Structures are given as structure tokens and as C-alpha cells.
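For reference, the chains in residue letters:
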Amino acid sequence: MDQPSLYDDDIVTWAEQQASTLRELARRPDLSNILDWENVAEEIESVGRSQIQAVESLLAQTLGHLLKRLSAPDTLVVEHWRNEAGTFQIAAPARYERSMRQRLDWDKIWTLAQAQARLGLTTYGDSLLPHLPPRYPLGPDELLVTPFDVDAALRTIAESTILKSASKS
């Protein structure tokens, strides 16, 4: 039986399969109605959703710190932001599972990262880099790789702002 392996290897897919199986069982008239099948299935599905949200949060924090680094390069904490970006990025692939690839909402992650960066920059009297693209400028593989190239990610984001700025001119 490979279910324990799937649980260990891809908890998102495992949770979806378990919830689906519970819903199928709930339709059987010969089984007891004492168990709240739908809510149990929903709770199991929430395990998978929480894993996706955790990865999205780590990725948003990674990008938010990269954005702060680009937006305020002369701030005293700029190297701290760079290190924090690396730390969050290291944690993201460790929590990432292959079934998440199509489920991650990259534009939501990008928007959240901008909001986090904007909030963090105001503490230092700085503002977010202008002309950021409305859509996430990196590919999933660029942010979920090990080892992560912080400088390459910074360059890609910086270049996307230059392109966006040039297209407005």
C-alpha cells in the first residue's frame, strides 16, 4: 500500500485523495451517519491548502525582501534584507511539493510581496521601487531552485522595472 508514501511525499495530493474517498463513502447508505463526513473531508483538504498557503507565504516574504533590497539599496539593513530573502527562499522548496506547481497563485504572491515590502520600507522612510510589473516577473523555477541565485533574481526584477518604465515613455 503506497498511501503512507504519498502522505510523506505529497501531502497536498494525499489530502485531496483522502477527502474524495471520504465523500464517496458518505454517499453509501449502508454506512453510519454518525460521522460528519463532509466536514471531516473539508478538514483533511484544509491540511493540503495550509501547506500551499505556507509556501505562498514564504515565497511572498522572499520577494518582499528582494523588493526592499532593490527599492532602498542605501539603507543600513539592506544586507539583512538580502539574507532574509535567502532564508525564506531556502524554506520554500523544503515545503514545496510537485502538486503545488499549478496551484500556487503567483500574481497573488507578487501582490502580497509588494504590500509587505511597501510596509517594511515605510519604517525607513523609503518607498517601493516605481514601475514594478503588475504580474510576477520571475518564473516558478527561478524562485524554487536550490541553490537560489539572489543576484539573478534581483537582476530579473530590476530589469522588469526598466522594461515597464521604458514602455511608459
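Everything below is about the structure printed above this text.
Residues numbered from 1 in each chain as written. Predicted model: local features only at pLDDT ≥ 70, side-chain atom pairs only at ≥ 80, totals over all residues. Heavy atoms only, no water.

1. Remarks on the nonpolar core
So, step 1. The biggest cluster of nonpolar side chains holds 34 residues, and the ones touching the most others in it are Leu59, Leu63, Leu66, Leu67, Leu104, Trp106 and Ile157.
So, step 2. Here the element with the most residues in this core is helix α3 (residues 37-71); it accounts for nine residues. (Core = buried A, V, L, I, M, F, W, Y, C linked by side-chain atoms within 4.5 Å. Buried < 20%, exposed > 50% of the residue type's maximum accessible area, 1.4 Å probe, protein only. Helix = DSSP H or I, 4+ residues; strand = E, 2+ residues; numbered from the N terminus.)

2. Looking at the environment of Met100
So, step 1. Structurally, Met100 is set in the loop between α4 (78-95) and α5 (106-122).
So, step 2. Among the residues examined, Met100 registers a relative accessible area of 0% and is labelled buried.
So, step 3. With 88 residues separating them in the primary sequence, Met100 and Val12 have C-alpha atoms 7.5 Å apart.
So, step 4. Once you skip the residues sitting within four places of it in the chain, Met100 turns out to touch Val12, Gln51, Ile52, Val55 and Arg95. (Contact = heavy atoms within 4.5 Å.)

3. A look at the packing of α3 against α4
So, step 1. The N-to-C vectors of α3 and α4 enclose an angle of 160°; their axes lie 8 Å apart at closest approach. If you check the angle between α3 and α4, you find them roughly antiparallel. Here α3 and α4 pass one another in a crossing that is left-handed. Contact residues: α3 offers Gln51, Ala54, Val55, Leu58, Leu59, Gln61, Thr62, His65, Leu66, Lys68 and Arg69, while α4 offers Val78, Glu79, Trp81, Arg82, Glu84, Ala85, Phe88, Gln89, Ala91, Ala92 and Arg95.
So, step 2. In the contact of α3 with α4, the residues fall into eleven nonpolar, five polar and six charged. (Axes fitted to C-alpha atoms, helices over the stretch in contact; angles between N-to-C directions. Parallel < 35°, antiparallel > 145°, perpendicular 65-115°, else oblique. Left-handed = near helix turned anticlockwise from the far one by under 90°. Nonpolar A, V, L, I, M, F, W, Y, C, P; charged D, E, K, R; others polar.)

4. Side note on α4
So, step 1. With 18 residues, α4 should reach 26 Å at 1.5 Å per residue; the first-to-last C-alpha distance of 26 Å fits that figure.
So, step 2. Residues of α4 that are buried: Val78, Trp81, Ala85, Gly86, Phe88, Gln89, Ala92 and Pro93.
So, step 3. Taken together, the buried residues of α4 touch α3, α5 and α6 (140-143). (Expected span 1.5 Å × (residues − 1).)

5. Concerning the packing of aromatic side chains
So, step 1. Per the counting criterion, the structure on display carries four aromatic pairs.
So, step 2. Relative to Trp14, the ring of Tyr7 has its centre 4.8 Å away and its plane inclined at 85°; by these criteria the two rings are edge-to-face.
So, step 3. Its relative accessible area of 40% is what places Tyr7 among the partly exposed residues.
So, step 4. With 5.6 Å between their ring centres and 80° between their planes, Trp81 and Tyr124 make a pair best called edge-to-face. Taken as a pair, Trp81 in helix α4 and Tyr124 in the loop between α5 and α6 lie far apart in primary sequence, 43 residues in all.
So, step 5. Looking at Trp81, the relative accessible area reads 3%, which means it is buried. (Phe/Tyr/Trp six-rings, centres within 6.5 Å; stacked < 30°, edge-to-face > 60°.)

6. Things to note about the side chain of Thr62
So, step 1. Within the secondary structure, Thr62 is located in helix α3.
So, step 2. With relative accessibility at 0%, the residue Thr62 sits in the buried group.
So, step 3. Apart from residues no more than four positions distant in its own chain, Thr62 is found in contact with Ala85, Phe88, Gln89, Leu143 and Phe148.

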